[in-house]
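# Structural overview
If you want the building blocks of each chain, they are given just below.
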Amino acid sequence: MIKEKEISLIIEKVVQLLNNEQQTLKKQKLLGVFDDMNIAIETAYCSSKVIKKLTITKREDIINKIKELTLKEASIMAEMCVNETGMGNVNDKTLKHKYISHKAPGTEILHLNTYYGDNGLALELMSPFGLIGAITPSTNPSETVICNTISMLASGNAVVFNPHPGARNTSNYAVDLVNRAAKLAGLDINIATSVLSPTFESSNILFKHNKINLLCCTGGPNVVKLVLSAGKKAVCAGAGNPPVIVDETANISEAGRDIILGASFDNNLPCIAEKEVFVLNKVADELISSMEQNGAYYITYNQMKHLENIVLTKNKIGNLIVSRNWVGKDAKLFLHELGIHNINNEVKCLIYDGKHTDLFVNTELMMPILPVVRVNNFDQAIEYALIAEDGNRHSAFIHSTNINNISRFAKMIDTTIFVKNAPSYTGIGIEGEGFCTFTIAGTTGEGLTSAKTFSRKRRCFINDTLKNI
Ligand code: NAD
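Residues numbered from 1 in each chain as written. Predicted model: local features only at pLDDT ≥ 70, side-chain atom pairs only at ≥ 80, totals over all residues. Heavy atoms only, no water.

## Quick word on the packing of aromatic side chains
On inspection of all chains with the given rule, the structure shows six aromatic pairs. Seen from their ring centres, Phe 278 and Tyr 384 are 6.1 Å apart, and the 55° between their planes marks the pair as tilted. Here Phe 278, found in strand E10 (residues 276-280), pairs with Tyr 384, found in helix H15 (residues 378-389); they are 106 residues apart in sequence, far enough to count as distant. Each member of the pair, Phe 278 as well as Tyr 384, carries the same accessibility label: buried. Judged by centre distance (4.9 Å) and plane angle (40°), the rings of Trp 326 and Phe 334 are tilted. With a relative accessible area of 14%, Trp 326 lands in the buried category. (Phe/Tyr/Trp six-rings, centres within 6.5 Å; stacked < 30°, edge-to-face > 60°. Helix = DSSP H or I, 4+ residues; strand = E, 2+ residues; numbered from the N terminus. Buried < 20%, exposed > 50% of the residue type's maximum accessible area, 1.4 Å probe, protein only.)

Structure below.
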């Protein structure tokens, strides 16, 4: 029998060991993460000089190592993010990291344009900007760091991040990961840097620093406005509020399934996820029934109003904002709030019969509550979808087999991503075609970002050379 005193001694010892371990972890320096933004910038500036001279093969070696580590540590980053931010879910976040390792584009996307004629040969070269400053969101904190670094490195740049303060540990883990990858590939410099405790002050230093040649911003409207007024070239990936239209020609059972798959992915955090549905009256009941069979829970208008009072709050100057306490939360928590506890494990998303003027229709909620608005005809669906999308030119979706309806909506909504008859995430390459990225620069027009986005185009003309050979 162990005596009481011995038990206390064992507990004391275990506590001491845990404390020591925590201290060691605290002391363990994350590669590329600094206390001071100016040091982070100076360090990355030195790296940019080295990176510029790297061969394409070396850049690819590093990118391959980044992808290997991303695959290996996908679930670590997914769990870390959910623990730190309290948003999203581990399975979908893990999948997002896996897609980066499979489908984020490297140097292969950089094509050389040539012009050949009687006067000789002109080449369009893709050159680095040098040092890039990047802002990352709390919704994809490690995904954005990894994807941005791969694209920026592929085009020969170094990068300094100012991560979202609410997700800084996850973002900084990713900064460490990309630098570990560089080291494994034999390059002992920080290809990306960041600050341990990012603040608005540190982002201001980043915006104004004369060694930063380009800014890249992935975030909401306020920070995009700030970056655009910084006086530098900027690539801005801003907010969306993607509508989805379902017309009477769609395969309704597949539409219901796909919409719930997209709208519940990572608890509706992605900027590309379906945020409101406009469905033709004739097929609305059938669509709702299909959604219910695929993990949707139908709530009444009054229940929606109860949630509206909770998830939308007012800021200091009286503007309505989305409560961070509810962004990216699990669907079941909203049902608990409504006093509904006996819930099927399959519930992934709440739906309700909405009006096109509802705040939930016209606000980017980023939570699994999906308004379904019945419309009289296709014209009305487009009219309401345009209002909800609000000129973000971000993403939009349609379920239809009528080619005229599909083309008309695509032309009028004019979004960067347009998907027909599939879940929203196919638009960024997840179970779809095309490469994968988590920075969709709809605001400034570069679209889905890759190494091409972070390259300066230069023309080199060679007079009278290789003529008529
Ligand atoms: P957020 O706008 O709250 O934060 C984004 C970043 O901006 C963070 O790093 C934050 O610290 C910084 N920031 C915010 N206000 C600032 C200020 N006044 N000064 C300096 N820095 C400031 O965004 P979030 O909640 O983390 O992310 C969600 C938003 O980002 C949504 O609107 C979503 O649509 C958008 N988003 C867009 C894309 C895209 O590719 N287009 C991708 C992901 C997220």
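Once the structure has been displayed, the description carries forward.
## Here we look at the site of the ligand
Taken together, 29 residues form the shell around the ligand, and within it Thr 136, Ser 138, Arg 324, Glu 364 and Ile 440 come nearest. For the ligand, an oxygen atom lies 3.2 Å from a polar atom in the backbone of His 164. Residue Gly 219 places a main-chain N or O atom 3.4 Å away from an oxygen atom belonging to the ligand. Notes on the ligand: free accessible area 830 Å², of which the protein chains cover 90%. Elements supplying a minimum of two residues to the shell around the ligand: helix H8 (200-208) and helix H9 (221-228). By residue class, the composition of the shell around the ligand is 13 nonpolar, 14 polar and two charged. (Near = heavy atom within 4 Å. Polar contact = N/O pair within 3.5 Å; in protein donor to acceptor, adjacent residues only side chain to side chain. Areas by Shrake-Rupley, 256 points an atom, 1.4 Å probe, with all protein chains shown as cover. Nonpolar A, V, L, I, M, F, W, Y, C, P; charged D, E, K, R; others polar.)

## Section: the packing of helix H5 (residues 90-103) against helix H6 (residues 141-154)
Between H5 and H6, whose axes approach to 10 Å, the crossing angle comes to 5°. One way to sum up the angle between H5 and H6 is to call them roughly parallel. Taking contact as the criterion, the partners of Lys 93, Lys 96, His 97 and Ile 100 in H5 are, on H6, Ser 142, Glu 143, Ile 146, Cys 147 and Ile 150. A per-class count over the contact of H5 with H6 returns four nonpolar, two polar and three charged. (Axes fitted to C-alpha atoms, helices over the stretch in contact; angles between N-to-C directions. Parallel < 35°, antiparallel > 145°, perpendicular 65-115°, else oblique. Contact = heavy atoms within 4.5 Å.)

In short, geometric facts, not functional conclusions.
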